[in-house]
Amino acid sequence: MSGYTYILECAGGSYYTGSTKNIEVRLQQHQSGKGAKYTRARLPVKLIYIEEFETTGDAMRREIEIKSWSRKQKEALIAESNKK
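Not measured: the values here are computed from a predicted model. (Residues numbered from 1 in each chain as written. Predicted model: local features only at pLDDT ≥ 70, side-chain atom pairs only at ≥ 80, totals over all residues. Heavy atoms only, no water.)

*Asks:* Tell me about the pairing of strand E2 (residues 15-20), residues and numbers included.
*Replies:* Most of E2 is tucked away: six of the six residues are buried. The side-chain alternation of E2 yields two buried faces, one formed by Tyr-15, Thr-17 and Ser-19 and the other by Tyr-16, Gly-18 and Thr-20. Looking at chain direction, strand E1 (residues 3-10) and E2 are connected through six bridges and run antiparallel. Note on E2: the bridge partner recorded for Tyr-6 is Gly-18. Connecting E1 to the antiparallel partner E2 that follows it, the hairpin turn spans four residues, and Gly-12 within it adopts a positive phi of roughly 95°. (Buried < 20%, exposed > 50% of the residue type's maximum accessible area, 1.4 Å probe, protein only. Helix = DSSP H or I, 4+ residues; strand = E, 2+ residues; numbered from the N terminus. Pairing = 2+ DSSP bridges.)

*Asks:* How would you explain the environment of Ile-48 if you had to name every residue and give the values?
*Replies:* Mapped onto the fold, Ile-48 is located in strand E3 (residues 45-53). For the pair formed by Ile-48 and Arg-62, sequence separation is 14 residues and the distance between their alpha carbons is 16 Å. Beyond its immediate stretch of four places on either side in the chain, Ile-48 contacts Ile-7, Leu-8, Glu-9, Tyr-15, Ile-78 and Asn-82. (Contact = heavy atoms within 4.5 Å.)

*Asks:* Would you mind going over the sheet that holds E2 in detail, with residue names and values included?
*Replies:* Read from one edge of the open sheet, three strands run E2-E1-E3, paired in antiparallel fashion. Only two strands of the sheet have a single neighbouring strand rather than two, namely E2 and E3. Here the strands of the sheet are splayed against their neighbours by 20° on average, with no regard to which way each runs. Two elements, E1 and E3, share eight bridges in a ladder whose sense is antiparallel. Counterpart to Ile-7 in the pairing with E3 is Tyr-49. Against the sheet, helix H1 (residues 23-31) touches E1, E2 and E3, its axis set at about 25° to E1. Where helix H3 (residues 56-67) meets the sheet, its contacts fall on E1, E2 and E3, and the angle it forms with E1 comes to roughly 35°. (Axes fitted to C-alpha atoms, helices over the stretch in contact; angles between N-to-C directions.)

Following this line, the structure appears as structure tokens:
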């Protein structure tokens, strides 16, 4: 089963990092206000980064790694992915 790590840009410019096994459903949850408490208060959100992994466990580990990063590191990751 595959998993995804993603970064959302929230209203106001903040970032939210998460992981899921179904990216389409999870994005819909965030947009409808049924996602994380953090994003509910910062709608709308926009998907700005996504990575796919073989397992949801791998995706969760990557989420934890990215959450520990500075905003500058996250912006570099996003910029690099947009070059592809």
